[in-house]
Amino acid sequence: MPAPSLYEVQRLFWESVAVQPGRDSIAPAFVRLVRGHDDNDRKTRIGVYADAYFLRLRDVLREDFPRVADLLGDRFDEVVKGYLEAFPSRWPSVRHLGHALSEFLRHRTDTPKCLADLAELEWARIEVFDAPDAECATIEDFISVPADAWPALRFSAIPALQTLRAQYPVHRLWSGGTSLDVSAEETALRVWRANDCRVFHAPIDERESAALRKMISGEPFATICETFADLPEAGAAQESAALLVRWIEDGIIHRIDQAA
Amino acid sequence: MSFLPHLGHGVGLRTIHYPHVLDRTARADWFEVISENFMIAGGRPLQILEKARELAPVVLHGVSLNIGGTDPLREDYLAELELLIRRFAPAWVSDHLCWGAVGGRFAHDLLPLPYTEEAVRHVAARIRQVQDRLGRRILMENVSSYLTYSISSMPEWVFVSAVAEEADCGILLDVNNIYVSAINHGFSPLEYLSGIPRERVGQIHLAGHSSSGDLLIDTHDHPVPTPVWRLYREAVRRFGRVSTLVEWDDQIPPFEELLAEANRAREIEGEVLNASSISL
């Protein structure tokens, strides 16, 4: 029998260690390709790689999704096995491994729905952590803006900012204990990286959510202020200013552009 | 290797060491970093690497080139590696003589190749392709292994040497990996060392390992053990003064302890080279 090609060796190797993560699927044709005293010895050697595949990637996911892992407890390993079967890593960097965990959890019927939202929050934190760098606008930048330029003022957000809309109050799950007993409650959040590289997230109310969408899409300040149009005039101005100061202090505004 | 500077005795820089980089107490001859950990758009790791470069030379060490794989080399990966090289000007670039992906799926492991003529030709051609793409010679590291193939037609050291000669690349000789594989497969580590061409060795790795049943596992979670230090002495006797690095990836000790391992390597190198010059 001719020797198998390099591709065939690697295909058999993969099937034996990764198709069903763990030691459950060692291909007999691969066992015959491995040197050893007997089949037990050969399977033990292959098993080192099978175990390493699962344990290494499980640990990566545990590090990227610490709260999902905590809340799943003993079931985390089983979820990871299913995830690795459905979404094997497609990138040279293992940093992308967890990109679809939220989607995977959303389609499962045997895990609490809130975990999909929590995974989305934890993944957003990863993405924000290594998003592109950008300078942040400061209070001083705003002080120099003439009063008549304010209505047309436009902002751009830092790249390390994401907004999420969840069906559950995932920020409470993120900072809470080990209970999954949480009621559905539509929640908007923003996730951002501060100047010192720390990653934060915070729930935002409907007004901030709408204002943030307008800011990110480049609407002028006057349009952002319309978000508060239902408030008395003085209150609207105060709320708009307070929101802007909060965004500046959090470092999520990259640049301000005055209309020519 | 004549195309590489001698950097001394360095340490693998890991996240736990970042505070020492920031307060500038990470005093090592040089740092090796995992290339893929810095293939990101921005944020803290890249800022830390900038600061590490101010303290000591940096070398990029990859784990996912998949040089022995049969999928085409990933252009997106090479482009990211090239960006890192331009930004951080590493003293050199290395990866592993193994495979890690098939059918577009990555195992994120250093998987062993069969030692065949087909594999020598295949891997050497791909190393040449990478070197042409990056415009520089790279180093390939021997990996530790827990299995070998019945179709292999040559010992590992012959395979490593043949690939390096045919690709005209350097060798990153991992002494711990030689020891681990020697125990796991029953070959002589000294025979391995004597089969590696002196002029190709540009760097040496040292690390710890652990045992699992009859096998040694390359876990990088212990100090360098005595048999590996002993083999390092033999490596210095054969290859002379070679930039050496201590890796520690799990159960990582305080930076000072890691640095002490690098200093021990320096002492051993000095002892061996002094003894050699006296005996001449």
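Rules used throughout
Residues numbered from 1 in each chain as written. Chains lettered and ligands numbered in written order. Predicted model: local features only at pLDDT ≥ 70, side-chain atom pairs only at ≥ 80, totals over all residues. Helix = DSSP H or I, 4+ residues; strand = E, 2+ residues; numbered from the N terminus. Rg over C-alpha atoms; globule rule 2.2 N^0.38 Å. Buried ≥ 20, exposed ≤ 12 C-beta atoms within 10 Å, placed from the backbone. Contact = placed C-beta atoms within 7 Å. Nonpolar A, V, L, I, M, F, W, Y, C, P; charged D, E, K, R; others polar. Core = buried A, V, L, I, M, F, W, Y, C linked by C-beta atoms within 7 Å. Domains from an automatic or database assignment. Pairing = 2+ DSSP bridges. Axes fitted to C-alpha atoms, helices over the stretch in contact; angles between N-to-C directions. Arc of directions from axis to C-beta. pLDDT = per-residue confidence, 0-100. Left-handed = near helix turned anticlockwise from the far one by under 90°.

## A short note on the overall build of chain A
Counting its secondary structure elements, chain A contains 12 helices and five strands. Its C-alpha atoms give chain A a radius of gyration of 25 Å, more than 25% over the compact-globule value 18 Å for 260 residues. C-alpha extents for chain A along the principal axes are approximately 85 × 40 × 25 Å. Counting across all 260 residues of chain A, residues that qualify as buried make up 35%. Restricting to contacts in chain A with at least 6 residues of sequence separation, those with at least 24 account for 61%.

## Some remarks on the overall build of chain B
In terms of helices and strands, chain B carries nine helices and 12 strands. In terms of overall size, chain B behaves like a compact globule, its C-alpha atoms giving a radius of gyration of 18 Å where 280 residues would be expected to give roughly 19 Å. In terms of overall dimensions, chain B has a C-alpha envelope of 50 × 50 × 40 Å along the principal axes. Residue burial in chain B is summarised as follows: out of 280 residues, 50% are buried. Restricting the contact set of chain B to residue pairs at least 6 apart, pairs at least 24 apart contribute 78%.

## Considerations on the interface of chain B and chain A
How big an interface is tends to be reported as the loss of accessible area on association of its parts. Taken together, the contact pairs 35 residues of chain B with 36 residues of chain A. Counting residues per element, the ones that place at least two in the side of chain B that touches chain A are helix H2 (44-55), strand E5 (99-102), strand E6 (105-111), helix H4 (117-134) and strand E11 (215-217) of chain B. Of the residues forming the side of chain B that touches chain A, the biggest block, six residues, is contributed by E6 of chain B. Partitioned by chemical class, the residues of the side of chain B that touches chain A number 18 nonpolar, 11 polar and six charged.

## Section: the nonpolar core
Counting 153 residues, the largest nonpolar core has Met140, Val163, Val175 and Val246 of chain B as its most contacted members. With 10 residues, the single largest contributor to this core is helix H7 (residues 114-129) of chain A. No fewer than three residues from each of domain 1 (6-111) and domain 2 (139-257) of chain A sit in this core. Here Met140 of chain B is in contact with Ile67, Ser94, Asp95, His96, Leu97, Ile127, Val163, Ala164, Cys169, Ile171 and Leu172 of chain B, once residues within four sequence places are set aside.

## Structural notes on the environment of Val48 of chain A
Residue placement: Val48 of chain A occurs in helix H3 (residues 39-64). Counting along the chain gives 31 residues from Val48 of chain A to Val17 of chain A, while the straight-line C-alpha distance between them is 9.0 Å. Excluding residues within four positions of it along the chain, Val48 of chain A makes contact with Tyr146, Leu215 and Ile217 of chain B.

## Focus: the sheet that holds strand E4 (residues 93-96) of chain B
Residue and element names in this part refer to chain B. The sheet built from eight strands closes into a barrel, its strands ordered E1-E2-E3-E4-E7-E8-E9-E12 with parallel pairing. Across the sheet, the mean angle separating the axes of adjacent strands is 30° when strand polarity is ignored. In this sheet, strand E12 (residues 244-246) lies alongside strand E9 (residues 201-206) in parallel orientation, the contact comprising three bridges. Residue pairing for E12: His205 is matched across the bridge by Leu245.

## Some remarks on the sheet that holds strand E3 (residues 187-193) of chain A
Residue and element names in this part refer to chain A. Pairing is antiparallel in the open sheet, where three strands are placed in the order E2-E3-E4. Every interior strand has two partners, whereas the edge strands, strand E2 (161-166) and strand E4 (199-204), have only one. In this sheet, neighbouring strand axes are inclined to one another by 20° on average, regardless of whether the strands run parallel or antiparallel. For E2 and E3, the ladder comprises six bridges, and the chain directions are antiparallel. Each bridged residue has a counterpart across the sheet, and for Leu161 the counterpart in E3 is Trp192. Sitting on the sheet, H7 is in contact with E2, E3 and E4, with an inclination near 175° to E2.

## Brief notes about the domain arrangement of chain A
Domain boundaries in chain A define domain 1 (6-111) and domain 2 (139-257). A straight line from the C-alpha centre of domain 1 of chain A to that of domain 2 of chain A covers 40 Å.

## So, helix H10 (residues 206-216) of chain A
Residues and elements named next belong to chain A. Within H10, burial applies to Glu208, Ala211, Leu212 and Met215. Burial along H10 is one-sided: seen end-on, the buried residues are contained in an arc of 105°. In this fold, the buried residues of H10 make contact with strand E1 (154-157), E2, E3, E4, helix H11 (221-225) and helix H12 (233-250). Downstream of H10 by a residue or two, Gly218 has a phi angle that is positive, lying close to 85°.

## What to know about the environment of Ala26 of chain B
Residue and element names in this part refer to chain B. For Ala26, the location among the structural elements is in the loop between helix H1 (18-22) and strand E2 (31-34). C-beta crowding within 10 Å serves as the criterion here: with 22 such atoms nearby, Ala26 is assigned to the buried category. C-alpha of Ala26 to C-alpha of Val11: the two residues are 15 residues apart in sequence and 9.7 Å apart in space. Excluding its chain neighbours within four sequence positions, the residues that come into contact with Ala26 are His17, His20, Val21, Ala52, Leu55 and Phe255.

## Things to note about the pairing of E5 of chain B
Residue and element names in this part refer to chain B. Alignment of E5 against E6, held across three bridges, turns out to be antiparallel. Bridge pairing in E6 links Trp99 to Leu111. In this structure, the hairpin formed by E5 and E6 is closed by a connection of two residues, where Gly103 is found at a positive phi of approximately 60°.

## Here's the deal with the confidence of the model for chain B
Averaged over all residues, the pLDDT of chain B equals 96, while 98% of them reach at least 70. We note a pTM of 0.94 for the whole complex and an ipTM of 0.95 for its interfaces.

## Describing the packing of helix H6 (residues 175-185) of chain B against helix H8 (residues 226-239) of chain B
Residue and element names in this part refer to chain B. Packing of H6 against H8 brings their axes to within 9 Å, and their N-to-C directions diverge by 120°. Considering how the two elements wind past one another, H6 and H8 form a crossing that is right-handed. Where H6 abuts H8, its residues Val175, Asn176, Ile178 and Tyr179 lie against Pro227, Val228, Leu231, Tyr232 and Ala235. Taken together, the residues of the contact of H6 with H8 break down into eight nonpolar, one polar and no charged.

## Some words on the pairing of E3 of chain A
Side chains on a regular strand alternate between the two faces of the sheet. Residue and element names in this part refer to chain A. For E3, a buried count of five out of seven residues is recorded, marking the element as mostly surrounded by other parts of the structure. Summarising the sheet, E3 and E4 pair through six bridges and their orientation is antiparallel. Looking across to E4, one finds that Arg190 is bridged to Ala202.

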